[in-house]
Amino acid sequence: MKNQEKLLFQVLDALENMEETPEHEKLLELTKAYAMALSLTPGISFNEKDIDEVVRKAKTKFDIRMGLGTIFKAVDYEPWLTKRQGSIEWFFWQRYKKQLGKKGFPPHVTRSLDKVTDKILDHLEDPEKDGEWARKGMVVGHVQSGKTANYIGLISKAADSGYMVIIVLAGLLNSLRNQTQSRIDSDFTGKCTRSKKPIGVARFGMDRKPISFTTTEKDFHRG
């Protein structure tokens, strides 16, 4: 990770609970403080241009918004997530949250993603529910509106809550399927399906290892 990126991550992490960007002088002061702390590490240093660039990027990040959207409830919908929330170990979701931070996602956007994926998961069905049941739904969003970030967050929470098999339909084009596979490798499984090496969320722990039946090079095919 480049030095500027490290500094930006530290600044955004410090601003995690803020809904709005602080005034310029306070943000500049905060950035300088973290730059000074990071500069204690050999090989890391910042000049005035670096500081100004990180401040600018931090402001830009806070201009990004992700709305909660609208959900159409099923007639037989019964909330279940609140009852089980305390007993679920959010291993995959916590890894993914840290990964979003490393990617520079603004904290308030991550919080919005947390809320909306909770809502979607709750409108699915409790995977521990007895008997036979089915639930269908569809998520619709504009181009570059965060759909991939959304469904990887949902995949993470679904796995945490007890869903054992998760299927992602990534379209008819190999290029799109490969791109989707790469994102899931990095942000959910933590292992590159091509090189078999740890990537992405693996840096935050590999206590649980999802199995992928497809790779960036190979999809399902007829026998």
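Our subject is the structure that appears above.
To keep things clear, this report deals only with the structure shown in the data block. Since we're looking at a predicted model, the values are computed, not measured.

**Description of the overall build of the protein**
Part 1: A count of helices and strands for the protein gives eight helices and zero strands.
Part 2: Each helix (α) and strand (β) of the protein, taken in turn from the N terminus, gives the series α-α-α-α-α-α-α-α.
Part 3: Relative to its 223 residues, the protein shows a buried fraction of 37%.
Part 4: Partitioning the intrachain contacts of the protein with sequence separation of at least 6 by distance along the chain shows that 72% fall at a separation of at least 24.
Part 5: Of the roughly 14,800 Å² of accessible surface on the protein, a fraction of 54% belongs to carbon and sulfur atoms.

**Comments concerning the layout of surface pockets**
Part 1: A volume near 810 Å³ is recorded for the second largest pocket.
Part 2: Among the secondary structure elements, those contributing two or more residues to the lining of the second largest pocket are α7 (147–161) and α8 (174–189).
Part 3: Broken down by class, the residue content of the lining of the second largest pocket amounts to 17 nonpolar, six polar and two charged.

**Considerations on the pattern of salt bridges**
Part 1: Throughout the structure, instances matching the rule amount to 13 salt bridges.
Part 2: Between Arg177 and Asp219 there is a salt bridge whose closest N-O contact spans 3.9 Å. Of this pair, Arg177 sits in helix α8 while Asp219 sits in the segment after α8, placing them 42 residues apart in sequence.
Part 3: The class of Asp219 is partly exposed, set by a relative accessible area of 34%.
Part 4: Connected via shared salt-bridge partners are Asp76, Glu125, Lys129 and Arg135.

**Notes on the packing of aromatic side chains**
Part 1: Using the criterion set out here, one finds three aromatic pairs in the structure.
Part 2: Taken together, a centroid distance of 5.0 Å and an interplanar angle of 50 degrees make the contact between Phe92 and Phe188 tilted. Of this pair, Phe92 sits in helix α5 (residues 91–102) while Phe188 sits in helix α8, and the two are 96 residues apart along the sequence. Each member of the pair, Phe92 as well as Phe188, is classed as buried.
Part 3: Put simply, the rings of Phe91, Phe92 and Phe188 touch in pairs and so form one group of aromatic residues.

**A few points about the nonpolar core**
Part 1: Formed by 21 residues in total, the largest nonpolar core has its most connected members in Leu81, Trp90, Tyr96, Leu113, Leu121 and Phe188.
Part 2: The set of elements that each furnish at least two residues to this core consists of α5, α6 (107–123), α7 and α8.
Part 3: Sorting elements by how many residues they give to this core places α7 first, with six residues.

**Points about the packing of α7 against α8**
Part 1: The interhelical angle for the contact between α7 and α8, taken along N-to-C directions, is 50 degrees, at an axis separation of 11 Å. Taken as axis vectors, α7 and α8 run oblique relative to one another. The hand of the α7/α8 crossing is right-handed. Between α7 and α8, the residues in contact are Thr148, Ala149, Tyr151, Ile152, Ile155, Ser156 and Ala159 and Thr180, Arg183, Ile184, Asp187 and Phe188, respectively.
Part 2: Here the contact of α7 with α8 is composed, by residue class, of seven nonpolar, three polar and two charged.

**Here's the deal with the side chain of Arg95**
Part 1: Among the structural elements, Arg95 can be located in helix α5.
Part 2: Although Arg95 lies buried, it forms no salt bridge, and the closest oppositely charged side chain, Asp160, sits 7.9 Å away as judged by the N-O distance.
Part 3: At a separation of 2.7 Å, a polar atom in the side chain of Arg95 contacts the main-chain carbonyl oxygen of Gly205.
Part 4: Beyond its immediate sequence surroundings of up to four residues, Arg95 is in contact with Phe188, Thr189, Gly190, Val201, Ala202, Phe204, Gly205, Met206 and Arg208.

Basis of the calculations
- Residues numbered from 1 in each chain as written.
- Predicted model: local features only at pLDDT ≥ 70, side-chain atom pairs only at ≥ 80, totals over all residues.
- Heavy atoms only, no water.
- Helix = DSSP H or I, 4+ residues; strand = E, 2+ residues; numbered from the N terminus.
- Buried < 20%, exposed > 50% of the residue type's maximum accessible area, 1.4 Å probe, protein only.
- Contact = heavy atoms within 4.5 Å.
- Areas by Shrake-Rupley, 256 points an atom, 1.4 Å probe, with all protein chains shown as cover.
- 1 Å grid on protein atoms, 1.4 Å probe; cavity = no way out; pocket = protein on both sides within 12 Å on 5 of 7 lines; lining within 4 Å.
- Points joined across faces, edges and corners; volume = space filled by probe spheres on them.
- Nonpolar A, V, L, I, M, F, W, Y, C, P; charged D, E, K, R; others polar.
- Salt bridge = Lys/Arg side-chain N within 4 Å of Asp/Glu carboxyl O.
- Phe/Tyr/Trp six-rings, centres within 6.5 Å; stacked < 30°, edge-to-face > 60°.
- Core = buried A, V, L, I, M, F, W, Y, C linked by side-chain atoms within 4.5 Å.
- Axes fitted to C-alpha atoms, helices over the stretch in contact; angles between N-to-C directions.
- Parallel < 35°, antiparallel > 145°, perpendicular 65-115°, else oblique.
- Left-handed = near helix turned anticlockwise from the far one by under 90°.
- Lys, Arg positive; Asp, Glu negative; His and termini not counted.
- Polar contact = N/O pair within 3.5 Å; in protein donor to acceptor, adjacent residues only side chain to side chain.

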